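Letter by letter, the chains look like this.
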Amino acid sequence: MISAPSSGHGKTAVSVGVLAALAARGLRPAGFKIGPDYVDAAYLGLAAGRPGRNLDPRMVGSHRIAPLFAHGANGSDVAIVEGTMGLYDGLTSRTDSESTAQIAGLLRAPVILVVDVAAMGQSAAALVHGFRTYDELLWLGGVVLTRTISSRHEHLLRESLADIGVPVLGALRRRDLAALGAGGAALPPREHGLAPAAHKNLDALRGIRRLGELIAGAVDLERVLMLARSAPRLATDAWSPADAVALDEPTGDVFAPYGTGHRPVIAVAAAYGYAETPELLAAAGAEVVHIDPLRDERLPDRIDALVIPGGLPEAYTDQLSANTRLRGDVLALARTGRPIIAEGAGMVWLGREVDGLPMCGVIDATAHTSDRYVVGYREASAVMASVVHGRGDSVTGHKLHRTNVTPRAGGRPAWVWAGGHPEGFIEGAVHTSYLSLHWAGVPRMASRLVSAAGALSAAYSPPQLPTSASVSQSWPLPTAGTYKSPAASVTPALPPPYVTDGEDLPPLEPWAPEIPPRVEPGVSSPPAFGTATVPASAIPASAIPASGVPASGVPAGPVSADAAPADPVPAASVSPAPLTAGSVPTHDPEPHPGDTGGWPKLPTQLGNKQTDEPASVPVSATPGSADPVSATPVSAAPTPAAPTRDDANAPEPTSPAAAEEVSAARDGEDDPGKPSGGDQPGGPRTRPAGVEAV
């Protein structure tokens, strides 16, 4: 465990450098980052040569920290964990369960303290002594000094630390750090986000190599390895994505009855999220393909869902806007009803525009960039059901963004939390918000999404283009200021596909399940699936078009005009038919529209695609024996949009005090994670279970 008294002492540079130096020796190191930070974890992974992983007790729970660590360290020779902020600073001032010191106790790991000594002499020894004695259970294995001025300065520091019995594992000169880059930073600026590490840019690779060379010459790596080998083995089983999915089955999943046998293909921008997300999706039965919205010009062929994690950098909106082909593919995917899950800047990408630059246009929202960050944890509840959450599901996520979206939420918000307004959008099978989640903490998201992707893929048929047509662009994109949102309950006002040869295709209509009507009393047998049995006096011949019954009437198969007399019967008087075996699930024939959040139900024909055998559960054909199913396509009335206002932005915290200030000011909300007096920094701390005093 590599930590520091506070942010700014150089623990990221030391952690990345140690990993790079160990990898250069031929070892197989593994890198971890405490907290939600995507960027540091990405550079740790790039230096180690394997995915960097985040250990965030707030989002995944303290009980999963050791199993996730064992899972990520599997097959490695040594694991390096970079702490967050100061050694005793909690992620939300919860020092008893979320500080670097407590996680070191959970992992039974020795701690290396990185101390910036540019303006200190013997006081460095007093500082280190205080950190060592503050918690008697802390295993302080040594210190690394940064920004030493001269050889004499370093000698003075080593003598004073030797007097208190703390070994110095290495010292980095100020001039050597300054030679790495502006301000002593060898790595690209954090404003660039994950992109340099994800793309393995030359600047990122050069910075990692320089840090590795510097650490190899200034730090005693043999003593570091001896310290790591002295740590006892963890008495815990490694986390397994398959077990996590199996033990956290989704509840109330309306897609569960539609087991199609189809293995959905889900595209994931895995480089911009946590490493466990694609692992959980694969364990849930999906075929995972990787995409990069900043590099790939098209979506992979025949995908069934798209996942954009929260690490997509906001600084590259110009490149996202310029990638018109990919934007068109995303819009087309949304129009076909496939699930799209986007977090963080992914919501901005799905919007209409940002700072005047056109985006995908999947949701009717615009964004603008502010000069301050919004950052902090949220304990949120799902306002309504979606393809990844059930109504009322509680999660803990993290927000970090500079852009502000207007409106803050759509007619169907994604989240709500204490003291704040609803946030995010649920449009059909699209779920997006600024809130980023660690899927290892809510593995049911993966199984629910895979079920939905497979079922919706079987339910939808892609638009058939004329064989003679050549398509120059999959879907025309809206320009800034001319787009109307495709609300889930109204006809999408989107343009049809652009075809250079052949006839233009009609625009897609909102999809709704075809529901068989109720059989009138006296009818000897239920109607055939997909057709409506109507009394002879029901429909006049003049009211029947050549193509069959209009969609506003009975949404079933065509009815012969020869058998229709002249006296019409209002459509509302045609009673819906009872459920029949093989049509829709008998346990929940028609959930309340709010139970699905407004995204469309599956067509009843899907029941016949699963098996040729009739359902074994008999269903009564007597009116009233089963819940009636409306013959009108389900279309929940949109609720009024949440009050629109921008987030109260706050700078990114570099200390617990700054974190609390940001947390209290952001969004104009009270911090839901602000602890009581006993959890404040410096409060009582408990001894981790299973950790022996050293």
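Just so it is clear, the model here is predicted, and its values are computed rather than measured.

To continue, consider the overall build of the chain. Assigned secondary structure in the chain consists of 19 helices and 20 strands. The long-range share in the chain, meaning contacts at least 24 apart out of those at least 6 apart in sequence, stands at 73%. Just so you have it, the chain exposes about 28900 Å², and 53% of that area is on carbon and sulfur atoms.

On to the sheet that holds strand E18 (residues 430-433), then. One open sheet holds the six strands; their spatial order is E9-E8-E10-E11-E18-E17, and the pairing between them is mixed. A single partner strand is all that each edge strand has here, and the edge strands are strand E9 (287-290) and strand E17 (425-427). Averaged over all pairs of adjacent strands, the angle between strand axes in this sheet comes to 15°, irrespective of strand direction. The sheet contact formed by strand E10 (residues 305-308) and strand E11 (residues 340-343) spans three bridges and is parallel. In the sheet register, Val-307 faces E11, and the bridge partner there is Ile-341. Helix H13 (residues 276-283) rests against strand E8 (265-268), E9 and E10 of the sheet, and its axis sits at about 150° to E9.

So, about the pairing of E18. Residue alternation in E18 divides its side chains into two sets, Val-430 and Thr-432 and His-431 and Ser-433, and both sets are buried. As paired elements, E11 and E18 share four bridges and run parallel to each other. By the bridge assignment for E18, Glu-343 is matched with Ser-433. Relative to E18, E17 is paired through three bridges, and the arrangement is antiparallel. Note on E18: the bridge partner recorded for Glu-427 is Val-430. Counted along the chain from E17 to the antiparallel partner E18, the turn is two residues long, and its residue Gly-428 has a positive phi close to 60°.

Turning next to the environment of Val-117. Its place among the elements puts Val-117 in the loop between strand E5 (111-116) and helix H6 (123-134). The exposure class of Val-117 is buried, given its relative accessible area of 0%. Along the primary structure Val-117 and Ile-149 are separated by 32 residues, whereas in three dimensions their C-alpha atoms are 8.6 Å apart.

What follows covers H13. The complete set of buried residues in H13 reads Glu-276, Thr-277, Pro-278, Leu-280 and Leu-281. Just downstream of H13, Gly-285 is the residue with a positive phi angle, here 115°.

Scanning the model with the defined rule gives 20 salt bridges in all. With a closest N to O distance of 3.2 Å, Glu-276 and Arg-53 form a salt bridge. Residue Glu-276 is found in helix H13, and its partner Arg-53 is found in strand E3 (residues 53-55); the two are separated by 223 residues along the sequence. Pair check on accessibility: Glu-276 and Arg-53 agree, each one buried. Of the charged contacts in the structure, one is a salt bridge between Arg-173 and Glu-154, with a shortest N-O distance of 3.8 Å. Of this pair, Arg-173 sits in strand E7 (residues 168-173) while Glu-154 sits in helix H7 (residues 151-163); the two residues are 19 residues apart in sequence, bridging distant segments of the chain. Residues Arg-173 and Glu-154 agree in their burial class; the two are buried.

Moving on to the pairing of E9. Pairing geometry for E8 and E9, over four bridges, is parallel. Within E9, the position partnered with Val-268 by the bridge is His-290. Regarding the hand of the β-α-β motif, the stretch spanning E8, H13 and E9 is right-handed.

Moving on, we come to unusual backbone geometry. The linkage connecting Thr-406 with the following residue, Pro-407, adopts the cis geometry, with an omega of 0°. Its location among the elements puts Pro-407 in the loop between strand E15 (394-406) and strand E16 (415-417). One non-glycine residue, Lys-200, lies in positive phi territory at about 55°. Counting through the fold element by element, Lys-200 comes out in the loop between helix H9 (195-198) and helix H10 (202-218).

Core analysis: the biggest nonpolar cluster contains 71 residues, and Leu-107, Ile-266, Leu-281, Trp-415, Trp-439 and Leu-449 have the highest contact counts within it. Sort the elements by how many residues they give to this core and helix H17 (residues 444-459) lands first, with seven residues. Counting 41 residues, the second-largest nonpolar core is a separate cluster that includes Tyr-316, Leu-326, Val-330 and Met-359.

One pass over the full model with this rule turns up four aromatic pairs. Summarising the aromatic geometry, the rings of Phe-32 and Phe-69 are spaced 4.9 Å apart at their centres and angled 40° between planes, so their arrangement reads as tilted. Of this pair, Phe-32 sits in strand E2 (residues 29-34) while Phe-69 sits in helix H4 (residues 65-72), and the two are 37 residues apart along the sequence. Taking relative accessible area as the criterion, Phe-32 reaches 1% and is therefore assigned buried. When the centroid spacing of 4.5 Å and the interplanar angle of 20° are considered together, the rings of Tyr-38 and Tyr-274 count as stacked. One end of the pair, Tyr-38, is in helix H2 (residues 38-48); the other, Tyr-274, is in the loop between E8 and H13, and 236 residues separate them in sequence. Chaining the aromatic ring pairs together yields one cluster made of Tyr-88, Phe-131 and Tyr-134.

A separate point is the confidence of the model for the chain. Overall, the prediction assigns the chain a mean pLDDT of 75, with 63% of residues at 70 or greater. Confidence drops under pLDDT 50 across residues 461-536; counting only partners more than four residues distant or on other chains, this segment forms 145 contacts.

On to the packing of H6 against H7. How two helices pack is summed up by the angle between their axes together with the distance between the axes. The interhelical angle for the contact between H6 and H7, taken along N-to-C directions, is 40°, at an axis separation of 8 Å. Pair H6 / H7 crosses with right-handed handedness. Contacts between H6 and H7 pair Ala-124, Ala-125 and Val-128 from the former with Leu-157, Ser-160 and Leu-161 from the latter. Its residues assigned to classes, the contact of H6 with H7 comprises five nonpolar, one polar and no charged.

Reading the values: rules and limits
Residues numbered from 1 in each chain as written. Predicted model: local features only at pLDDT ≥ 70, side-chain atom pairs only at ≥ 80, totals over all residues. Heavy atoms only, no water. Helix = DSSP H or I, 4+ residues; strand = E, 2+ residues; numbered from the N terminus. Contact = heavy atoms within 4.5 Å. Areas by Shrake-Rupley, 256 points an atom, 1.4 Å probe, with all protein chains shown as cover. Pairing = 2+ DSSP bridges. Axes fitted to C-alpha atoms, helices over the stretch in contact; angles between N-to-C directions. Buried < 20%, exposed > 50% of the residue type's maximum accessible area, 1.4 Å probe, protein only. Salt bridge = Lys/Arg side-chain N within 4 Å of Asp/Glu carboxyl O. Right-handed = clockwise from strand over helix to strand, strands pointing away. Core = buried A, V, L, I, M, F, W, Y, C linked by side-chain atoms within 4.5 Å. Phe/Tyr/Trp six-rings, centres within 6.5 Å; stacked < 30°, edge-to-face > 60°. pLDDT = per-residue confidence, 0-100. Left-handed = near helix turned anticlockwise from the far one by under 90°. Nonpolar A, V, L, I, M, F, W, Y, C, P; charged D, E, K, R; others polar.

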